[in-house]
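Each chain, written out:
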Amino acid sequence: MDVRFSDSDLAFRDEVRAFFRDELGDALQRKLEQHVPLTKQDHIDYQKLLNSKGWFAANWPVEYGGTGWTPVQRYIFSYEMALAEAPPIIPFGVSMVGPVIYTFGNDAQKKRFLPDILESNVWWCQGYSEPGSGSDLASLKTRADLDGDAYIINGTKTWTTLGQYADWIFLLARTNTDVARRQEGISFILVDMQTPGISLKPIITIDGEHEVNEVHFENVRVPVENLVGDEGKGWTYGKVLLQHERTNITGVANSKVRLQKLRRKTSQSIHGAAPLAEDNNFMRRLAAAEVELKALEFTELRTLAAVSSGKAPGPESSILKIKGTEIQQMVDTLYMEAAAYYALPFVPDQYRLETDPDSIIGHDGETLTSLRYFNNRKASIFGGSNEIQKNIIAKHVLGL
Ligand SMILES: Cc1cc2nc3c(=O)[nH]c(=O)nc-3n(C[C@H](O)[C@H](O)[C@H](O)COP(=O)(O)OP(=O)(O)OC[C@H]3O[C@@H](n4cnc5c(N)ncnc54)[C@H](O)[C@@H]3O)c2cc1C
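For clarity, every value in this text was computed on a predicted model and none was experimentally measured.

Student: For the overall build of the protein chain, give the residues involved together with the corresponding values.
Tutor: Regarding its fold elements, the protein chain presents 12 helices and 8 strands. Across its three principal axes, the protein chain shows a C-alpha extent of roughly 75 × 50 × 50 Å. Taking as baseline every contact in the protein chain between residues at least 6 positions apart, the subset at least 24 positions apart corresponds to 73%. Counting every atom, the protein chain has about 19,100 Å² of accessible surface; 53% of that belongs to carbon and sulfur. Within the protein chain, one finds 43 positive and 52 negative side-chain charges whose respective centroids are separated by 5 Å.

Below, the structure is given as structure tokens:
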């Protein structure tokens with residue numbers, strides 16, 4: 001399969017490239033260049049900027065504010081975004097709950113929530129996992145008991161990414177325990193994080209970051225109109241969301257840009273050492289990662305083409321998730337090896353290469369190389385672990 005860009009694709013590529021070069025604004029650009037962590041407001045401003053160009057909701061139908069891009073345009077956009085090392089789009093609103101609301105929500109919900117997602121006025125987080133209910137999500141215990149015109153929610157959600165910033169959470173809760181299958185009786189509910197009875201506890205990850213949280217619900221009263229779709233059908237809606245989430249985790253464009261950078265750096269000699277390009281074993285593994293990525297790139301394009309023609313991503317999203325995250329971690333490992341002891345945060349000052357950042361083989365700076373490696377161990381776990389994705393493929397693709 002050969003992807004050839006038409007003249008209009010090339011014009012689009014040039015427009016996107018110019019946008020990321022010229023229009024991000026000095027303050028954001030400086031932070032990106034200096035690898036300064038972005039604030040909540042930085043992310044919001046950036047997403048608003050994308051939306052003002054009509055470039056935010058690539059996965060949405062045009063009638064709800066989607067970009068209407070072809071698969072090739074989506075591919076070009078994500079590649080240019082990675083090339084510019086622009087911030088990622090926070091997925092919880094636009095890539096996760098948005099598609100559930102426009103697919104299964106009622107008109108009032110679409111009117112109330114979709115414009116704020118497009119405008120990034122509301123920060124969403126995802127309340128699926130619970131202590132003891134991760135892979136076996138159908139065992140979840142959070143309850144939503146009907147009381148007049150409200151549900152009373154009790155339970156605990158965990159690993160809630162960026163929940164500390166969130167204005168709203170979408171969650172799966174049990175509304176009925178008297179069911180034949182555990183997947184029945186689960187409902188998909190939208191909850192304002194300011195509702196009394198919600199408390200949040202940070203979980204600090206191995207890289208020292210506050211990225212995830214535990215969220216506790218104690219007699220949290222939520223109006224029934226915040227139920228999406230039918231009561232007890234949340235499992236079906238939640239699965240659709242997961243397929244969008246998994247397709248999103250693949251990260252092909254980022255891996256591609258990181259591999260290109262790494263290949264360029266292999267010809268450099270650092271502090272007089274032989275360049276990595278002379279290390280056949282390393283170069284063989286770099287080439288192997290590039291070949292795997294090329295194959296994944298075409299699989300992703302095929303999936304994007306199907307999604308663009310109106311098909312929801314199916315079990316193939318599990319294939320993309322496994323392969324994409326395996327390659328991401330392969331790239332992380334190559335960077336760690338290439339950076340060697342410069343990758344560690346505790347390298348004594350005299351061995352640091354800060355004065356010449358370009359010579360640092362882990363392009364983010366030697367400290368970030370290891371932090372990124374550790375942080376990204378999550379990639380094969382979240383969105384449903386890779387082992388669970390293999391089970392899905394066995395059942396739904398191979399029919400085993
Ligand atoms: C950084 C991070 C961010 C996350 N963000 C969110 C979030 O925002 N919202 C949210 O709801 N969740 C989030 N998660 C949770 C994530 O979805 C779960 O961690 C994941 O589903 C695995 O569940 P678990 O952690 O309970 O592990 P377990 O389910 O306890 O699994 C432990 C190990 O056993 C394996 N295993 C379990 N069952 C099987 C089986 N049947 N066959 C083969 N192997 C099996 C798993 O693959 C895994 O290796 C996040 C997780 C991480 C690490």
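Student: I'd love a proper account of the packing of aromatic side chains, names of residues and values included.
Tutor: Per the counting criterion, the structure on display carries 20 aromatic pairs. Judged by centre distance (5.5 Å) and plane angle (65 degrees), the rings of Phe12 and Trp69 are edge-to-face. Pair noted here: Phe12 is in helix α1 (residues 7–22) and Trp69 is in the loop between α3 (40–52) and α4 (71–83), with a separation of 57 residues, a long-range link. Accessibility classification places Phe12 together with Trp69 in one group, the buried group. Ring pairs connect the aromatic residues Phe12, Phe19, Phe20, Trp55, Trp69 and Phe77, which therefore count as one cluster. Directly above the ring of Trp55 sits Lys53, whose terminal nitrogen or CZ lies 4.9 Å from the centroid. In this structure, Arg258 is placed above the aromatic ring of Tyr335, and the distance from its NZ or CZ to the ring centre is 4.4 Å.

Student: How would you explain the domain arrangement of the protein chain if you had to name every residue and give the values?
Tutor: One frequently used descriptor of interface size is the decrease in accessible area upon assembly of the parts. Here the protein chain is partitioned into domain 1 (7–89), domain 2 (123–233) and domain 3 (250–397). Interface area for domain 1 against domain 3, summed over the two sides, is near 1,100 Å², with a carbon-plus-sulfur share of 64%. A per-residue breakdown of the area domain 1 buries against domain 3 is headed by Pro71, Tyr75 and Tyr79, which together make up 45% of the total. Where domain 1 meets domain 3, there are 1 salt bridge. One salt bridge in this structure joins Lys261 and Glu85, with 2.4 Å as the shortest N-O distance. Run the count over domain 1 and domain 3 and you get 4 residue pairs in polar contact (both at pLDDT 80 or more). Among the residues forming the side of domain 1 that touches domain 3, the class breakdown is 6 nonpolar, 2 polar and 2 charged.

Student: I'd like to hear about the packing of helix α5 (residues 91–104) against helix α6 (residues 107–118), residue by residue, with values.
Tutor: Close contact between α5 and α6 brings their axes to 10 Å; oriented N to C, the two are set at 165 degrees. Taken together, α5 and α6 sit at an angle that is classed as roughly antiparallel. Judged by the twist between their axes, the crossing of α5 over α6 is left-handed. Within the contact between the two elements, α5 uses Gly93, Val94, Val97, Gly98, Ile101 and Tyr102 and α6 uses Gln109, Lys110, Phe113, Leu114 and Ile117.

Rules behind the numbers
- Residues numbered from 1 in each chain as written.
- Predicted model: local features only at pLDDT ≥ 70, side-chain atom pairs only at ≥ 80, totals over all residues.
- Heavy atoms only, no water.
- Helix = DSSP H or I, 4+ residues; strand = E, 2+ residues; numbered from the N terminus.
- Contact = heavy atoms within 4.5 Å.
- Areas by Shrake-Rupley, 256 points an atom, 1.4 Å probe, with all protein chains shown as cover.
- Lys, Arg positive; Asp, Glu negative; His and termini not counted.
- Charge placed at Lys NZ, Arg CZ, Asp CG, Glu CD.
- Phe/Tyr/Trp six-rings, centres within 6.5 Å; stacked < 30°, edge-to-face > 60°.
- Buried < 20%, exposed > 50% of the residue type's maximum accessible area, 1.4 Å probe, protein only.
- Lys NZ or Arg CZ within 6 Å of the ring centre and 35° of its normal.
- Domains from an automatic or database assignment.
- Buried area = accessible area lost by both parts, 1.4 Å probe.
- Salt bridge = Lys/Arg side-chain N within 4 Å of Asp/Glu carboxyl O.
- Polar contact = N/O pair within 3.5 Å; in protein donor to acceptor, adjacent residues only side chain to side chain.
- Nonpolar A, V, L, I, M, F, W, Y, C, P; charged D, E, K, R; others polar.
- Axes fitted to C-alpha atoms, helices over the stretch in contact; angles between N-to-C directions.
- Parallel < 35°, antiparallel > 145°, perpendicular 65-115°, else oblique.
- Left-handed = near helix turned anticlockwise from the far one by under 90°.

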